[in-house]
Amino acid sequence: MPSKQKAPSRFSSVKAAAGLAVAAGVGAVAYGSLIERNWFALREEQLAILPPGSAPFTVLHISDIHFSPGQQKKTRWLRELAQLQPDLVVNTGDNLSHPNAIAPLLDALGPLMNFPGVFVPGSNDYFAPRFRNPFSYFAGPSKAPPVGKHQPIALDTEALHTGFGMGGWVNLTNRAQSLALNGIRFDFSGVDDPHLSRERYAGWPRGAAGQERAPHVKVAVAHAPYQRVLDHFTADGADLILAGHTHGGQVCIPGYGALVSNCDLPTWRARGLNDWESQGRTAPVNVSAGIGTSRTAPFRFACRPEAVILTLSAKS
(Lines give C-alpha, C1' and ligand atoms only; values in the text may rest on other atoms or scores of the structure.)
Protein backbone atom coordinates (compact mmCIF):
# COMPACT_ATOMS: atom_id res chain seq x y z
CA MET A 1 0.00 0.00 0.00
CA PRO A 2 1.54 3.34 -1.05
CA SER A 3 2.64 5.58 1.77
CA LYS A 4 0.90 8.91 2.20
CA GLN A 5 2.94 11.98 1.32
CA LYS A 6 2.93 14.70 3.88
CA ALA A 7 1.38 17.99 2.67
CA PRO A 8 3.80 20.92 2.71
CA SER A 9 3.41 23.04 5.79
CA ARG A 10 2.51 26.70 5.62
CA PHE A 11 5.94 27.51 7.02
CA SER A 12 7.74 25.63 4.26
CA SER A 13 5.60 27.38 1.61
CA VAL A 14 6.44 30.78 3.06
CA LYS A 15 10.09 29.80 3.26
CA ALA A 16 10.11 28.76 -0.39
CA ALA A 17 8.41 31.99 -1.45
CA ALA A 18 10.92 34.01 0.56
CA GLY A 19 13.77 32.12 -1.09
CA LEU A 20 12.39 32.88 -4.53
CA ALA A 21 12.00 36.55 -3.61
CA VAL A 22 15.59 36.74 -2.40
CA ALA A 23 16.84 35.00 -5.54
CA ALA A 24 14.83 37.39 -7.72
CA GLY A 25 16.21 40.37 -5.80
CA VAL A 26 19.78 39.15 -6.18
CA GLY A 27 19.17 38.58 -9.88
CA ALA A 28 17.72 42.07 -10.32
CA VAL A 29 20.69 43.67 -8.55
CA ALA A 30 23.14 41.69 -10.67
CA TYR A 31 21.28 42.64 -13.85
CA GLY A 32 21.06 46.33 -12.90
CA SER A 33 24.69 46.65 -11.85
CA LEU A 34 26.40 44.40 -14.40
CA ILE A 35 24.22 44.69 -17.50
CA GLU A 36 21.76 47.56 -17.70
CA ARG A 37 23.98 50.34 -16.38
CA ASN A 38 26.35 49.61 -19.29
CA TRP A 39 23.59 48.97 -21.86
CA PHE A 40 23.87 52.37 -23.51
CA ALA A 41 21.09 53.59 -25.79
CA LEU A 42 20.49 56.43 -28.22
CA ARG A 43 17.08 58.07 -28.02
CA GLU A 44 15.96 59.95 -31.14
CA GLU A 45 13.55 62.90 -31.11
CA GLN A 46 12.30 65.39 -33.71
CA LEU A 47 11.21 68.99 -33.26
CA ALA A 48 10.04 71.60 -35.79
CA ILE A 49 11.40 74.80 -34.22
CA LEU A 50 13.80 76.24 -36.84
CA PRO A 51 13.05 79.28 -39.02
CA PRO A 52 11.10 78.46 -42.20
CA GLY A 53 13.31 77.18 -44.99
CA SER A 54 16.07 75.92 -42.65
CA ALA A 55 17.81 72.63 -43.32
CA PRO A 56 17.61 69.93 -40.61
CA PHE A 57 19.96 70.47 -37.68
CA THR A 58 21.06 67.76 -35.23
CA VAL A 59 21.71 68.30 -31.51
CA LEU A 60 23.42 65.61 -29.44
CA HIS A 61 22.32 65.97 -25.82
CA ILE A 62 24.62 64.26 -23.29
CA SER A 63 24.25 64.42 -19.53
CA ASP A 64 25.20 62.80 -16.22
CA ILE A 65 28.21 60.88 -17.49
CA HIS A 66 29.48 60.42 -13.89
CA PHE A 67 32.84 59.30 -15.19
CA SER A 68 35.33 57.29 -13.13
CA PRO A 69 38.78 56.08 -14.24
CA GLY A 70 38.74 52.63 -15.81
CA GLN A 71 35.27 52.80 -17.38
CA GLN A 72 36.31 51.33 -20.72
CA LYS A 73 32.83 50.44 -22.02
CA LYS A 74 31.61 53.95 -21.36
CA THR A 75 34.75 55.41 -22.95
CA ARG A 76 34.29 53.42 -26.15
CA TRP A 77 30.61 54.35 -26.39
CA LEU A 78 31.25 58.05 -25.81
CA ARG A 79 33.91 58.08 -28.52
CA GLU A 80 31.57 56.26 -30.92
CA LEU A 81 28.96 59.02 -30.54
CA ALA A 82 31.14 61.19 -32.76
CA GLN A 83 30.10 58.97 -35.66
CA LEU A 84 26.70 60.71 -35.49
CA GLN A 85 28.43 63.91 -36.66
CA PRO A 86 26.07 66.23 -34.76
CA ASP A 87 25.80 69.89 -35.67
CA LEU A 88 25.91 70.75 -31.95
CA VAL A 89 26.70 68.97 -28.68
CA VAL A 90 24.93 70.09 -25.49
CA ASN A 91 26.36 68.79 -22.21
CA THR A 92 24.07 69.33 -19.20
CA GLY A 93 26.49 68.46 -16.43
CA ASP A 94 27.42 65.92 -13.76
CA ASN A 95 30.39 64.74 -15.80
CA LEU A 96 32.47 63.42 -12.91
CA SER A 97 32.27 60.74 -10.25
CA HIS A 98 35.89 60.65 -9.10
CA PRO A 99 38.64 63.24 -8.40
CA ASN A 100 40.94 61.57 -10.96
CA ALA A 101 38.35 61.39 -13.73
CA ILE A 102 39.00 64.66 -15.56
CA ALA A 103 41.83 63.54 -17.88
CA PRO A 104 40.21 60.25 -18.95
CA LEU A 105 36.84 61.97 -19.39
CA LEU A 106 38.34 64.62 -21.68
CA ASP A 107 40.02 61.84 -23.64
CA ALA A 108 36.70 59.98 -23.99
CA LEU A 109 34.94 63.15 -25.15
CA GLY A 110 37.81 64.19 -27.42
CA PRO A 111 36.15 63.12 -30.71
CA LEU A 112 32.93 64.94 -29.76
CA MET A 113 34.87 68.14 -29.11
CA ASN A 114 35.54 68.32 -32.84
CA PHE A 115 31.97 69.59 -33.08
CA PRO A 116 30.53 72.85 -31.71
CA GLY A 117 29.29 72.47 -28.15
CA VAL A 118 27.94 74.21 -25.06
CA PHE A 119 27.87 73.06 -21.44
CA VAL A 120 26.70 73.80 -17.90
CA PRO A 121 27.84 72.10 -14.67
CA GLY A 122 26.01 69.88 -12.23
CA SER A 123 26.72 69.34 -8.54
CA ASN A 124 28.98 66.37 -9.30
CA ASP A 125 31.23 68.65 -11.30
CA TYR A 126 31.91 70.48 -8.03
CA PHE A 127 31.90 67.69 -5.42
CA ALA A 128 32.72 63.98 -5.43
CA PRO A 129 29.67 61.85 -4.64
CA ARG A 130 29.00 60.58 -1.14
CA PHE A 131 27.12 57.45 -0.14
CA ARG A 132 23.45 58.06 0.54
CA ASN A 133 20.79 55.60 1.60
CA PRO A 134 18.85 54.97 -1.64
CA PHE A 135 15.55 54.99 0.24
CA SER A 136 16.21 58.57 1.37
CA TYR A 137 15.36 59.79 -2.16
CA PHE A 138 11.72 58.98 -1.43
CA ALA A 139 11.82 61.69 1.24
CA GLY A 140 12.71 64.37 -1.30
CA PRO A 141 15.63 65.64 -3.39
CA SER A 142 19.16 65.11 -2.11
CA LYS A 143 20.54 67.97 -0.07
CA ALA A 144 23.30 70.41 -0.91
CA PRO A 145 26.73 69.42 0.44
CA PRO A 146 27.19 70.39 4.10
CA VAL A 147 29.79 72.79 5.40
CA GLY A 148 32.35 71.92 8.02
CA LYS A 149 34.30 68.75 8.67
CA HIS A 150 31.85 66.56 6.77
CA GLN A 151 32.12 68.57 3.56
CA PRO A 152 32.71 66.28 0.57
CA ILE A 153 35.80 66.29 -1.61
CA ALA A 154 35.91 69.31 -3.93
CA LEU A 155 36.63 68.55 -7.58
CA ASP A 156 38.76 70.62 -9.93
CA THR A 157 35.85 72.21 -11.75
CA GLU A 158 38.08 74.86 -13.29
CA ALA A 159 40.30 72.22 -14.92
CA LEU A 160 37.24 70.46 -16.30
CA HIS A 161 35.81 73.66 -17.75
CA THR A 162 39.21 74.66 -19.14
CA GLY A 163 39.41 71.31 -20.90
CA PHE A 164 36.00 71.81 -22.44
CA GLY A 165 36.91 75.35 -23.44
CA MET A 166 40.16 74.25 -25.08
CA GLY A 167 38.07 71.77 -27.04
CA GLY A 168 35.94 74.64 -28.31
CA TRP A 169 32.85 74.17 -26.16
CA VAL A 170 31.17 77.29 -24.77
CA ASN A 171 30.63 77.67 -21.02
CA LEU A 172 27.03 78.76 -20.31
CA THR A 173 27.32 78.87 -16.52
CA ASN A 174 24.98 81.77 -15.72
CA ARG A 175 25.84 83.16 -19.15
CA ALA A 176 24.19 83.88 -22.47
CA GLN A 177 25.85 83.64 -25.86
CA SER A 178 24.93 83.50 -29.55
CA LEU A 179 26.42 81.07 -32.03
CA ALA A 180 25.92 81.06 -35.79
CA LEU A 181 25.64 77.42 -36.81
CA ASN A 182 24.79 76.18 -40.30
CA GLY A 183 23.43 79.61 -41.19
CA ILE A 184 21.11 79.74 -38.17
CA ARG A 185 21.54 82.05 -35.20
CA PHE A 186 21.20 80.16 -31.92
CA ASP A 187 20.77 82.22 -28.76
CA PHE A 188 21.79 80.25 -25.66
CA SER A 189 21.03 81.01 -22.04
CA GLY A 190 22.43 78.73 -19.35
CA VAL A 191 22.49 78.52 -15.57
CA ASP A 192 24.67 77.02 -12.88
CA ASP A 193 23.20 74.00 -11.11
CA PRO A 194 19.71 74.71 -9.70
CA HIS A 195 20.11 71.67 -7.42
CA LEU A 196 22.67 73.75 -5.52
CA SER A 197 20.54 76.92 -5.91
CA ARG A 198 23.34 78.51 -7.95
CA GLU A 199 21.27 79.58 -10.94
CA ARG A 200 21.45 83.23 -11.99
CA TYR A 201 19.59 84.18 -15.14
CA ALA A 202 21.59 86.03 -17.78
CA GLY A 203 18.68 86.62 -20.17
CA TRP A 204 19.22 86.20 -23.89
CA PRO A 205 22.10 87.58 -25.96
CA ARG A 206 21.50 90.94 -27.54
CA GLY A 207 21.42 91.08 -31.32
CA ALA A 208 24.41 92.29 -33.25
CA ALA A 209 23.95 95.41 -35.35
CA GLY A 210 21.54 94.67 -38.17
CA GLN A 211 20.54 91.29 -36.71
CA GLU A 212 17.95 92.35 -34.16
CA ARG A 213 15.07 91.15 -36.33
CA ALA A 214 16.79 88.09 -37.77
CA PRO A 215 15.13 84.78 -36.83
CA HIS A 216 16.63 83.33 -33.67
CA VAL A 217 16.34 79.94 -32.03
CA LYS A 218 16.43 80.33 -28.25
CA VAL A 219 17.88 77.34 -26.39
CA ALA A 220 17.99 77.22 -22.58
CA VAL A 221 20.38 74.86 -20.81
CA ALA A 222 20.34 73.73 -17.16
CA HIS A 223 21.46 70.68 -15.22
CA ALA A 224 18.53 70.11 -12.86
CA PRO A 225 15.01 70.70 -14.25
CA TYR A 226 13.43 72.35 -11.23
CA GLN A 227 10.03 73.83 -11.97
CA ARG A 228 11.14 77.37 -11.12
CA VAL A 229 13.83 77.13 -13.82
CA LEU A 230 11.50 75.68 -16.43
CA ASP A 231 8.94 78.38 -15.59
CA HIS A 232 11.49 81.14 -16.03
CA PHE A 233 12.87 79.96 -19.36
CA THR A 234 9.44 79.12 -20.78
CA ALA A 235 7.96 82.47 -19.83
CA ASP A 236 11.08 84.15 -21.25
CA GLY A 237 10.44 82.70 -24.70
CA ALA A 238 12.71 79.64 -24.93
CA ASP A 239 12.20 77.53 -28.05
CA LEU A 240 13.87 74.51 -26.41
CA ILE A 241 15.02 73.63 -22.89
CA LEU A 242 17.59 70.89 -22.23
CA ALA A 243 18.32 69.35 -18.82
CA GLY A 244 19.45 66.15 -17.08
CA HIS A 245 19.97 65.33 -13.38
CA THR A 246 17.03 62.94 -12.88
CA HIS A 247 18.73 59.81 -14.27
CA GLY A 248 15.23 59.06 -15.56
CA GLY A 249 14.48 57.82 -12.06
CA GLN A 250 17.40 55.36 -12.35
CA VAL A 251 15.29 52.57 -10.86
CA CYS A 252 11.92 52.32 -12.58
CA ILE A 253 8.94 49.98 -12.52
CA PRO A 254 8.26 48.47 -15.95
CA GLY A 255 4.96 49.77 -17.28
CA TYR A 256 4.86 52.55 -14.67
CA GLY A 257 8.11 54.48 -14.84
CA ALA A 258 10.18 56.53 -12.41
CA LEU A 259 9.53 56.56 -8.68
CA VAL A 260 11.65 59.65 -7.98
CA SER A 261 13.11 62.56 -9.95
CA ASN A 262 15.48 63.99 -7.29
CA CYS A 263 13.89 67.41 -7.78
CA ASP A 264 10.36 68.84 -7.85
CA LEU A 265 9.73 67.67 -11.42
CA PRO A 266 6.79 65.23 -11.63
CA THR A 267 8.14 61.70 -11.95
CA TRP A 268 6.35 61.09 -15.25
CA ARG A 269 8.51 63.87 -16.72
CA ALA A 270 11.77 62.41 -15.38
CA ARG A 271 12.79 61.25 -18.84
CA GLY A 272 11.87 62.27 -22.37
CA LEU A 273 10.58 65.17 -24.43
CA ASN A 274 7.52 66.99 -23.10
CA ASP A 275 5.93 70.44 -23.34
CA TRP A 276 6.10 72.80 -20.36
CA GLU A 277 3.66 75.68 -19.89
CA SER A 278 4.22 78.90 -17.97
CA GLN A 279 2.46 82.27 -18.12
CA GLY A 280 0.65 81.44 -21.34
CA ARG A 281 3.73 80.17 -23.16
CA THR A 282 4.84 76.64 -24.00
CA ALA A 283 8.34 75.24 -24.56
CA PRO A 284 9.54 71.70 -25.31
CA VAL A 285 11.75 70.31 -22.55
CA ASN A 286 14.07 67.36 -23.12
CA VAL A 287 15.18 65.65 -19.90
CA SER A 288 17.94 63.13 -20.43
CA ALA A 289 18.02 59.95 -18.36
CA GLY A 290 21.79 60.35 -18.34
CA ILE A 291 24.71 58.17 -19.33
CA GLY A 292 26.08 57.09 -15.96
CA THR A 293 25.36 56.69 -12.29
CA SER A 294 27.12 57.83 -9.17
CA ARG A 295 29.89 55.39 -8.27
CA THR A 296 28.21 55.03 -4.88
CA ALA A 297 25.05 53.68 -6.56
CA PRO A 298 26.16 51.84 -9.74
CA PHE A 299 22.77 50.41 -10.65
CA ARG A 300 19.96 50.95 -13.15
CA PHE A 301 16.72 49.06 -13.62
CA ALA A 302 14.17 49.53 -16.43
CA CYS A 303 15.96 52.81 -17.23
CA ARG A 304 18.80 52.36 -19.70
CA PRO A 305 21.57 54.99 -19.85
CA GLU A 306 21.14 57.22 -22.86
CA ALA A 307 22.31 60.01 -25.08
CA VAL A 308 19.70 61.88 -27.11
CA ILE A 309 19.88 63.00 -30.71
CA LEU A 310 17.34 65.71 -31.53
CA THR A 311 16.74 66.46 -35.17
CA LEU A 312 15.48 70.02 -35.48
CA SER A 313 13.56 70.98 -38.60
CA ALA A 314 11.88 74.08 -39.98
CA LYS A 315 8.51 75.26 -38.76
CA SER A 316 5.75 74.67 -41.28
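The rules we used
The numbering scheme is per chain: residues are counted from 1 as the chain's sequence reads. Residue-level local features of this predicted model are given only where pLDDT is at least 70; pairs of side-chain atoms are given and counted only at 80 or more, and the full residue set underlies all totals for whole chains, interfaces and linings. Excluding hydrogens and water, the side-chain values take into account all heavy atoms of the structure. Here a patch means residues that are over 30% exposed by relative accessible area and free of salt bridges, tied together within 9 Å if like-charged and within 5 Å if nonpolar (Val, Leu, Ile, Met, Phe, Trp, Tyr). The Shrake-Rupley method, run with a 1.4 Å probe sphere, supplies the accessible areas, and residue values consider only the shown protein chains as cover. Salt bridges are defined as contacts in which a side-chain nitrogen from Lys or Arg sits within 4 Å of a carboxyl oxygen from Asp or Glu. Each helix corresponds to a stretch of at least 4 residues labelled H or I by DSSP, and each strand to a stretch of at least 2 residues labelled E; elements are numbered beginning at the N terminus. Note on classification: 1.4 Å probe, protein chains only; a residue is buried when its accessible area is under 20% of the maximum for its type, exposed when over 50%, partly exposed between these limits. Definition used in this section: a nonpolar core is a set of buried Ala, Val, Leu, Ile, Met, Phe, Trp, Tyr and Cys residues joined via side-chain atoms within 4.5 Å. Contact definition: two residues touch when any of their heavy atoms are within 4.5 Å. Taken from the helix axis, the directions to the C-beta atoms give the arc we talk about. If DSSP finds at least two bridges between two strands, the strands pair. What counts as an axis is a line fitted to C-alpha atoms, over the stretch in contact for a helix, and the angles between N-to-C directions run from 0 to 180 degrees. For this analysis, a ring pair means two rings from Phe, Tyr or Trp (six-membered ring only for Trp) whose centres lie within 6.5 Å, classed as stacked if their planes differ by under 30 degrees, edge-to-face if by over 60, and tilted for the remaining angles. Under the rule applied, a polar contact is a pair of N or O atoms within 3.5 Å (in protein, one hydrogen donor and one hydrogen acceptor; residues adjacent in sequence only if both atoms are side-chain atoms).

## A short note on a nonpolar patch on the surface
Nonpolar side chains collect at one region of the surface, where Leu34, Ile35 and Trp39 lie side by side and expose about 330 Å² of accessible area between them. Of note, isoleucine 35 is situated in the loop between α1 (10-34) and β1 (41-50). The class of isoleucine 35 is partly exposed, set by a relative accessible area of 47%.

## A short note on the nonpolar core
One finds Ile62, Leu78, Leu109, Leu112 and Trp169 to be the most contacted residues of the largest nonpolar core, which totals 28 residues. Of all elements in the fold, only β2 (57-62), α2 (72-80), α3 (102-108), α4 (157-166) and β14 (306-314) reach the threshold of two or more residues within this core. No other element matches the three residues that α3 contributes to this core. Beyond its immediate chain neighbours, meaning those up to four positions away, leucine 112 contacts Leu60, Ile62, Leu78, Leu81, Ala82, Val89 and Trp169. With 24 residues, the next largest nonpolar core counts Leu50, Ile184, Val217 and Val219 among its residues.

## Regarding α4
Among the residues of α4, those classed as buried are Thr157, Leu160, His161, Gly163 and Phe164. Looking straight down α4, one finds its buried side chains confined to an arc of 155 degrees; they lie on one side. Turned more than 90 degrees away from the buried face of α4, the exposed residues are Glu158 and Met166. Against the buried residues of α4 lie β3 (88-91), α3, β4 (117-119) and β5 (169-171).

## Overview of the sheet that holds β1
Across the sheet, which stays open at both edges, the six strands sit in the order β1-β14-β2-β3-β4-β5 with mixed pairing between neighbours. Of all strands in the sheet, those bounded by a partner on one side alone are β1 and β5. Strand after strand, the sheet turns through a mean of 20 degrees between neighbouring axes, direction not considered. Bridge count for β3 against β4 is three bridges, and the pairing is parallel. Paired with valine 89 across the strands is glycine 117, a residue of β4. With respect to the sheet, α4 is in contact with β3, β4 and β5, its orientation differing from that of β5 by roughly 135 degrees.

## Quick word on the packing of aromatic side chains
The relation between two aromatic rings is expressed through the spacing of the ring centres and the mutual angle of the planes. The final tally for this structure, using the stated rule, is nine aromatic pairs. Pairing tyrosine 31 with phenylalanine 301 gives two aromatic rings, centres 5.9 Å apart and planes at 85 degrees, and the pair type is edge-to-face. Placement of the pair is tyrosine 31 in helix α1 and phenylalanine 301 in the loop between β13 (281-287) and β14, with a sequence separation of 270 residues. A relative accessible area of 26% means that tyrosine 31 is categorised as partly exposed. An aromatic cluster of at least three residues, connected via ring pairs, comprises Phe57, Phe186 and Phe188.

## Remarks on the environment of arginine 37
Looking at where arginine 37 falls in the secondary structure, it is placed in the loop between α1 and β1. Under the relative-accessibility criterion, arginine 37 is labelled partly exposed at 27%. Along the chain, arginine 37 and isoleucine 291 lie 254 residues apart, while their C-alpha atoms are 8.4 Å from each other. Those residues in contact with arginine 37 that lie beyond four places of it in its chain are Gly32, Ile291, Pro298, Phe299, Arg300 and Pro305. Polar contacts involving the side chain of arginine 37 include one to the main-chain carbonyl oxygen of proline 298, which spans 3.5 Å.

## Describing the sheet that holds strand β6 (residues 176-181)
Spatial strand order, β6-β7-β8-β9-β13-β12: six strands in an open sheet with mixed pairing. Strand pairing shows two members of the sheet lacking a second neighbour, β6 and β12 (272-278), which therefore form its edges. Strand-to-strand twist of the sheet, defined as the mean angle between neighbouring strand axes without regard to direction, takes the value 25 degrees.

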